[in-house]
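Next come the chains, spelled out residue by residue.
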Amino acid sequence: MSGFRLDERLQNDTIGLASWPLSEVLLMNDSRYPWVILVPRRPGVREIYELSDDDQSQLLKESVFLGQSLMRIFGGDKLNVAALGNLVNQLHVHHVVRFASDASWPAPVWGKHPPKAYEPEALSRCMAMLEVVRCKCWQE
C-alpha cells in the first residue's frame, strides 16, 4: 500500500518472513521464543479498530493461521497474542509461543530479558521450520 513504511525499531529487531495480503510477517530476532509479528501495511494505523472492516477480517484470518501454524510447529504450552504498541505505535500484533520451561514463564516476555539474537545456524533451522508460514498461499 502506498505510504506504508515499517517502523525503524521493528525493522531493526526483526527478520522478514513473508508478505501476506494485509500484513508483513516478521520473525522477532530473539531466539529465546518462537515470536512472529504481523504488521498490517496501512500507514498511520495504531489500533485494530482503525482498520476497515475488511482489513479487520483479514487480520483475524492471518492471525489465526499464524497462531495455529506456530503451535503446530513448535508445540508450545500457550500462545500469547498481543497488540501493545507502547514503544512502537505502528499497529503490530505479536504471536509468541510460550513454554512452561522458557526464560520468562509465567510472566510476559516484554522487558524480562534482553533479546538473544539468533546464531546463523539456529536462524536457518527456525526459517526452515517456518516454511509453511513463509509460503502461505492465500485464497481471496
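Here's a quick rundown of the structure. The shown structure was predicted, so the numbers you read here are calculated from the model rather than taken from an experiment. (Residues numbered from 1 in each chain as written. Predicted model: local features only at pLDDT ≥ 70, side-chain atom pairs only at ≥ 80, totals over all residues. Heavy atoms only, no water.)

## Re helix H2 (residues 53–74)
With 22 residues, H2 should reach 32 Å at 1.5 Å per residue; the first-to-last C-alpha distance of 31 Å fits that figure. The set of residues buried in H2 consists of Asp-55, Gln-58, Leu-59, Glu-62, Ser-63, Phe-65, Leu-66, Gly-67, Ser-69, Leu-70 and Phe-74. Following H2 by one or two positions, Gly-75 has its phi on the positive side, about 60°. (Helix = DSSP H or I, 4+ residues; strand = E, 2+ residues; numbered from the N terminus. Expected span 1.5 Å × (residues − 1). Buried < 20%, exposed > 50% of the residue type's maximum accessible area, 1.4 Å probe, protein only.)

## So, the pattern of salt bridges
The full count for this structure, using the stated rule, is 6 salt bridges. The closest approach of N and O atoms between Glu-24 and Arg-41, which form a salt bridge, is 2.8 Å. Of the two residues, Glu-24 sits in strand S2 (residues 23–28) while Arg-41 sits in the loop between strand S3 (35–40) and H2, which places them 17 residues apart along the sequence. The pair formed by Glu-24 and Arg-41 is uniform in burial state, with each residue classed as buried. (Salt bridge = Lys/Arg side-chain N within 4 Å of Asp/Glu carboxyl O.)

## Some remarks on the pairing of S3
Buried residues dominate S3, accounting for 6 of its 6 residues. Of the two faces of S3, the one holding Trp-35, Ile-37 and Val-39 and the one holding Val-36, Leu-38 and Pro-40 are both buried throughout. Hairpin connection from S2 to S3: 6 residues lie between these consecutive antiparallel strands. By the bridge criterion, 4 bridges tie S3 to strand S5 (residues 93–98) in an arrangement that is antiparallel. Across the sheet, residue Trp-35 finds its bridge partner in S5, namely Val-96. (Pairing = 2+ DSSP bridges.)

## Considerations on the sheet that holds S2
In a beta sheet, neighbouring strands pair by backbone hydrogen bonds and run either parallel or antiparallel. Reading across the sheet, the 5 strands line up as S1-S2-S3-S5-S4 and stay open at both edges, with antiparallel pairing between neighbours. Strand pairing shows two members of the sheet lacking a second neighbour, strand S1 (14–19) and strand S4 (78–82), which therefore form its edges. The mean inter-strand angle of the sheet, taken between neighbouring strand axes irrespective of direction, is 20°. Together, S1 and S2 form the strand contacts of helix H3 (residues 120–129), whose direction differs from that of S1 by roughly 20°. (Axes fitted to C-alpha atoms, helices over the stretch in contact; angles between N-to-C directions. Contact = heavy atoms within 4.5 Å.)

## So, the layout of surface pockets
Counted as a void, the largest pocket has a volume near 400 Å³. Taken together, 20 residues line the largest pocket, and the ones lying closest to its centre are Arg-9, Met-28, Trp-35, Leu-87 and Trp-110. Per-class residue counts for the lining of the largest pocket are 11 nonpolar, 6 polar and 3 charged. What the second largest pocket holds in volume is close to 160 Å³. What lines the second largest pocket is Ser-31, Arg-32, Tyr-33, Pro-34, Phe-74, Tyr-118, Ala-122, Arg-125, Cys-126 and Met-129. The biggest single contributor to the lining of the second largest pocket is H3, with 4 residues. (1 Å grid on protein atoms, 1.4 Å probe; cavity = no way out; pocket = protein on both sides within 12 Å on 5 of 7 lines; lining within 4 Å. Points joined across faces, edges and corners; volume = space filled by probe spheres on them. Nonpolar A, V, L, I, M, F, W, Y, C, P; charged D, E, K, R; others polar.)

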